Structures are given as C-alpha cells and as structure tokens.
Amino acid sequence: MKRILYFLIIVVGLSACTDGFDELNKDPNRPITASMPSIMLSAQRTITHTLLDDNNIWVAMTWVQYHGRLGYTEQVFDYDWNIDAIYNNETYVLNNLEKLRKQAIEKKHLNYEAIAMIMEAWIFANWTDMNGDIPYSEALRGEEERLLYPKYDSQESIYKNLVLKLKEAAGKIDLNPGVADVDGESDIYGQGDMLKWKKFANSLRARLYLRMSEVDNATAKAGLEEIFGDEDTYPVMEGNEDNVGVKFYSDASPNRVTFVQQTRENNNIRTVGSTVVDLLCENNDPRRTIFLNPTENSVDSVAEGIWTEYEYTGAPAAVPNPMASFDRKKVSTVGDAIALDWYRPIDVMTYSEVMFIKAEAASKGYSVGESAEAAYEAGIEASMKKWGVIDEGAISNYMAGAFATFDVSKAKEQILTQRYLDQFHQALNTFAMLRRGGFPHLDFVSIGFSIENGYPDRLPYSHNQRGGNPNFSSVEPQLTNNLWGNVWWASETEVVTSPAYVAPVKYKFSE
C-alpha cells in the first residue's frame with residue numbers, strides 16, 4: 001500500500017509542478033511567430049531585390065532597350081538568367097504577406113491588413129504581367145488546405161479581381177492617428193504613412209485599369225472615371241512627395257545597381273541603349289546629363305585638349321553579325337548622378353506615371369477631370385523634377401519644342417514615349433507598357449527566332465513552374481519557345497520595331 005500511495009503522491013506532485021510549464025519556458029527573445037513589422041520589412045526587402053533590382057531583371061532591361069549590347073548574340077531575346085529565383089522569391093514573399101494579412105485580421109489591425117493586400121496585389125500584377133496566366137485563385141492556400149498544385153487562372157480573371165482587391169484594401173485604411181499605426185522604420189515603401197498607401201492603392205488600380213483598356217474598354221473606362229472622378233474618396237498621387245519608392249538608409253542596404261556601376265573599369269558596366277540616347281540627345285532633353293555619361297573616350301580626349309566636345313552614343317539592341325562589336329569606351333553609360341548614388345530610391349510608382357495614365361485615359365475619351373494635354377504636360381514636368389532637373393527655363397524650352405509639344409493626332413505615341421523616358425530602369429513596368437501600348441518605337445531586334453516571331457509577348461515561365469506544377473499543362477499549348485503567345489491585355493497590340501539594323505548615331509555637346 002505504501003508503494004502505491006507514494007506513487008500517487010509523486011504523480012500528483014509532478015502534475016502540479018508542470019502546470020503552466022509551457023508558458024514559463026517561453027523565451028521572450030525567441031518568439032514563435034514573427035511580428036507584423038518584421039514580416040512587412042522582410043517582404044519588402046526581398047521583393048525589391050527580386051522585381052526592382054537591376055541585377056535580377058537585367059534581361060528585361062535590355063529587352064525594353066534601356067540598356068544595349070556590345071557584341072553579337074545568336075538570339076537577342078535570350079533568357080539565360082535566374083528566372084527560378086524570381087519565381088521562388090515571389091511565392092515566398094506572397095506566402096509571408098498572407099501570414100501578415102491573417103495575423104493583422106486576428107489582431108484587428110486594419111492598416112497592416114491593407115498593406116499586405118496592396119503588396120500582394122502589386123506582386124501578383126507583376127507576376128501575371130511577366131507570364132500571363134498564373135496560379136491565383138487557389139494560390140496561398142497550401143499551408144491550411146495542403147493545396148500543393150493550384151490551378152492556373154486566366155489573366156483576364158486575375159486582373160478583374162486585382163482591381164477589386166485594391167479598392168477593398170484602400171477602403172480598409174484607417175487614417176486616424178494612433179488608432180492603427182504602422183512602424184515607419186519597418187516600412188521602406190511607405191514609411192508608415194497610410195495616406196501614401198491609400199494613394200498608392202488607388203494609383204496602382206488606375207495602372208491596371210489602363211492596362212485593360214485595349215481589350216476591355218468599358219471596364220477600363222468605368223474604373224478610371226470612378227478613380228479620377230472622385231479623388232476625395234479615391235485619392236491618388238498628387239505630387240512627387242507622394243511617390244512610392246524604396247528608400248535605402250545605410251551602407252548595409254544600398255541600391256545594388258551601384259555595385260556594378262561605380263567605376264567605368266567594371267566589366268559589367270551598364271551601357272545605355274541607343275533608343276534612350278537618341279530620344280534624349282535628338283531632342284535636347286534636360287535629363288540627358290542625368291541619365292547618361294559621355295563616352296569614356298570623349299571624356300579623356302577633352303581632358304587632354306584633343307577634342308572640344310563630349311560624345312554620346314548608345315549601344316544597339318543587337319548587332320547584325322558575329323564580326324560586329326562595340327568598345328565599351330565608345331558608348332554612353334548610365335549617368336553618375338544615378339549610378340553612383342548609393343541611396344537613390346528605386347521607383348515603385350510615381351506621380352508622373354499617374355499623370356501619364358490620366359493623359360492617356362483622357363486621350364481615349366474618358367472623363368478624368370483634366371484634358372489629355374494638361375495631364376501630359378504635368379507628367380513631363382513632374383518627371384523632370386523627379387530626376388533632378390531644377391532649371392525651369394530648360395523644362396519650358398523642352399516642352400515648347402516640336403518633339404514634346406502635345407499633338408492630339410499622335411497623342412498615344414507622345415504620352416507613351418514620355419512615360420518610357422520617365423520610367424528609366426523600371427524594366428518590368430515598361431515591358432508591360434510596351435506590349436500593351438505598342439510605343440515608343442524600338443530599334444532593330446531581328447536576330448535568331450525573333451525574326452519569325454517578333455518582339456516577345458512575355459518573360460519566360462520559370463523551370464520550377466514548368467516542371468513543378470502539373471497544372472502548367474493547361475497553359476503550355478499557348479506558348480512558342482516560352483516567349484510568345486499573347487497575354488490578354490496585349491492581344492490586339494504589336495510593338496513598333498525597326499526592321500533592319502542602323503548603326504547608333506554619335507551626338508556631340510560642349511558641356
């Protein structure tokens with residue numbers, strides 16, 4: 001009996017001692033779940049270096065001809081790049097943002113919930129703009145529902161849902177101070193300014209509606225007129241101070257494009273494409289000395305007193321044969337004002353883009369509260385100031401010139417060409433704009449299988465997408481070489497390109 005009694009006492013004692021054991025042994029310095037600010041910051045940092053960093057989207061940068069090529073390649077639209085990393089990071093960040101959204105709902109924090117929704121919409125929009133049909137309606141359900149292979153949705157259905165999500169997210173935002181504050185130091189996109197996030201959501205919604213305009217004019221018209229017709233309810237960016245751009249605060253997290261552009265001796269130097277150089281130099285654009293460096297040969301020759309003028313010339317989109325090549329010292333590189341600025345913000349969306357969106361909408365006959373000409377001119381002025389042009393006289397002279405003066409008969413080409421310049425280095429946004437709008441005119445691209453197929457319709461699906469999801473078979477028949485097969489919003493548009501090679505022009509300026 002005594003043994004049994006002792007045993008019972010021990011068991012009861014152990015039970016009493018372990019009551020609350022799990023709570024007492026939680027290490028406050030090792031939380032089981034990440035905080036909402038830390039999830040947000042991690043997501044923003046990762047997706048910035050995935051979708052906005054020049055090193056990751058280098059191929060897209062050459063396709064839109066912001067940069068050029070120094071030598072021959074058998075296929076101008078090569079895609080020997082790390083597309084799996086982009087896909088993997090997109091899905092990783094989207095899953096983390098979904099955790100943030102659910103955590104915010106649990107904690108009844110509307111502003112973190114709204115930020116998660118806006119970020120998700122922006123990433124999904126970039127993803128479908130790159131590829132076309134992608135997993136969407138069944139995506140982000142793997143953790144709870146063990147849904148490993150989500151179906152591929154049509155780009156049309158994705159776009160029509162994204163604009164609703166953005167409207168819903170903007171409507172959730174609480175602007176009352178102290179009620180649902182967001183940690184500004186952990187928010188490198190909006191710095192905790194929820195009015196900026198609200199304006200970003202509505203402005204991004206306007207971008208998506210304009211993308212839809214070539215194939216669903218009625219929906220695009222209704223959406224853009226709703227946004228621009230009631231800016232009290234749907235505020236959009238109203239000046240450069242509203243720009244959403246990733247800010248870099250320290251040497252530990254600089255703008256990584258500078259790593260490959262700090263010196264002209266770097267073999268990975270970023271040459272500027274002849275399309276950009278021609279648009280800037282032919283039209284005496286004040287942004288020329290910001291976007292471009294003169295050729296290294298001309299800088300050295302002027303310094304030695306051999307030449308009196310600096311030379312600017314672009315690298316072509318492609319060269320016609322294996323014997324043709326360009327010396328990097330004889331082409332213009334990205335201007336030091338951009339390339340050597342370690343803390344230059346990377347634009348996500350800007351006021352100037354909003355004005356160009358409004359201008360094009362007005363040119364289509366939509367009622368957006370402003371004429372196409374007025375919005376177009378406001379877009380140019382905002383772009384100049386965003387890029388650092390401070391000479392008002394230079395801006396006025398440029399806008400009064402034949403190239404920039406608004407001409408209603410070629411409104412679309414003018415608006416898209418100015419937007420193209422304004423979005424310098426926004427490769428993915430510009431790639432979508434080109435395929436949707438067809439302008440500006442691009443230089444020679446006919447090499448290899450692009451001769452038969454023309455300008456690509458999409459960036460390639462990653463290897464992990466093609467081999468990892470059996471549902472990919474539903475979209476594979478639409479593709480040619482994984483680059484062609486019209487995306488929904490560009491199905492009626494062809495990019496205007498030159499049919500034959502023309503050697504880049506050399507421009508000379510005294511300053």
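Going by the structure above, here's the rest.
Residues numbered from 1 in each chain as written. Predicted model: local features only at pLDDT ≥ 70, side-chain atom pairs only at ≥ 80, totals over all residues. Heavy atoms only, no water.

(A) The overall build of the chain, seen in detail. For the chain, the helix and strand inventory stands at 21 helices and six strands. Pairs at least 24 apart in sequence give 76% of the contacts found in the chain among residues at least 6 apart. Within the structure as shown, the chain displays about 22,400 Å² of accessible surface, and the carbon and sulfur contribution to it stands at 50%. (Helix = DSSP H or I, 4+ residues; strand = E, 2+ residues; numbered from the N terminus. Contact = heavy atoms within 4.5 Å. Areas by Shrake-Rupley, 256 points an atom, 1.4 Å probe, with all protein chains shown as cover.)

(B) Main features of the layout of surface pockets. Approximately 490 Å³ is the volume attributed to the largest pocket. As for the largest pocket, its lining consists of 27 residues, and the residues nearest its centre are Asp278, Leu279, Glu282, His441 and Asp443. If you list the elements that add at least two residues to the lining of the largest pocket, you get α11 (274–282) and α18 (411–422). For the lining of the largest pocket, the element with the highest residue contribution is α11, accounting for five residues. Tallied by class, residues from the lining of the largest pocket come to 15 nonpolar, seven polar and five charged. (1 Å grid on protein atoms, 1.4 Å probe; cavity = no way out; pocket = protein on both sides within 12 Å on 5 of 7 lines; lining within 4 Å. Points joined across faces, edges and corners; volume = space filled by probe spheres on them. Nonpolar A, V, L, I, M, F, W, Y, C, P; charged D, E, K, R; others polar.)

(C) Molecular detail of the packing of aromatic side chains. The tally for this structure, following the rule as stated, stands at 22 aromatic pairs. Considering the side-chain rings of phenylalanine 77 and tyrosine 455, the 5.6 Å spacing of their centres and the 90 degrees angle between planes classify their relative orientation as edge-to-face. Taken together, the residues phenylalanine 77 in the loop between α4 (58–63) and α5 (83–106) and tyrosine 455 in the loop between α20 (450–453) and α21 (463–468) connect sequence positions 378 residues apart. One exposure class covers both phenylalanine 77 and tyrosine 455, and it is buried. Ring geometry for tryptophan 197 and phenylalanine 200: centres 5.9 Å apart, planes at 55 degrees, overall tilted. You can see tryptophan 197 and its partner phenylalanine 200 sitting in helix α9 (residues 194–212), three residues apart, about one turn around the helix. There is no split in this pair, since tryptophan 197 and phenylalanine 200 are both buried. Three or more aromatic residues joined by ring pairs form one cluster here, namely Tyr66, Phe291, Trp387, Tyr420 and Phe424. Sitting over the ring of tyrosine 234, arginine 205 keeps its end group 5.1 Å from the ring centre. (Phe/Tyr/Trp six-rings, centres within 6.5 Å; stacked < 30°, edge-to-face > 60°. Buried < 20%, exposed > 50% of the residue type's maximum accessible area, 1.4 Å probe, protein only. Lys NZ or Arg CZ within 6 Å of the ring centre and 35° of its normal.)

(D) Structural view of empty space enclosed by the protein. For the coordinates displayed, the defined rule picks out three cavities of 30 Å³ or more. Empty space within the largest cavity amounts to approximately 250 Å³. Ranked by residue count, the leading element in the lining of the largest cavity is helix α6 (residues 110–131), at four residues. Its volume calculated, the second largest cavity comes out at about 80 Å³. In this structure, the second largest cavity is lined by 13 residues; those nearest its centre are Ile83, Ile86, Met130, Asn131 and Pro460. If one sorts the elements of the lining of the second largest cavity by residue count, α5 sits on top with four residues. In the lining of the second largest cavity, the residues fall into nine nonpolar, three polar and one charged.

(E) Expanded view of unusual backbone geometry. Along the chain, phenylalanine 439 connects to proline 440 via a cis peptide bond; the corresponding omega equals 5 degrees. Secondary-structure assignment places proline 440 in the loop between α19 (427–437) and α20. Positive phi, close to 60 degrees, is recorded for asparagine 482, a residue that is not glycine. Tracing the backbone through its elements, the reader meets asparagine 482 in the loop between α21 and β6 (507–509).

(F) Spotlight on the pattern of salt bridges. Under the counting rule described, the total for this entry stands at 26 salt bridges. The partner of arginine 211 in a salt bridge is aspartate 129, and the shortest N-O contact between them spans 3.4 Å. Residue arginine 211 is located in helix α9, and its partner aspartate 129 is located in helix α6; the two are separated by 82 residues in the primary sequence. The partner of arginine 288 in a salt bridge is glutamate 511, with the nearest N and O atoms 2.2 Å apart. Taken together, the residues span a long stretch of sequence, with arginine 288 in helix α12 (residues 288–291) and glutamate 511 in the segment after β6 at a distance of 223 residues. With relative accessibility at 3%, the residue arginine 288 sits in the buried group. Classification of glutamate 511 by relative accessible area gives partly exposed; the value is 47%. (Salt bridge = Lys/Arg side-chain N within 4 Å of Asp/Glu carboxyl O.)

(G) Looking closely at the side chain of asparagine 202. Relative to the elements of secondary structure, asparagine 202 occurs in helix α9. Apart from the residues lying within four places of it in its own chain, the contact partners of asparagine 202 are Ala170, Ile227, Tyr234, Pro235 and Val236.

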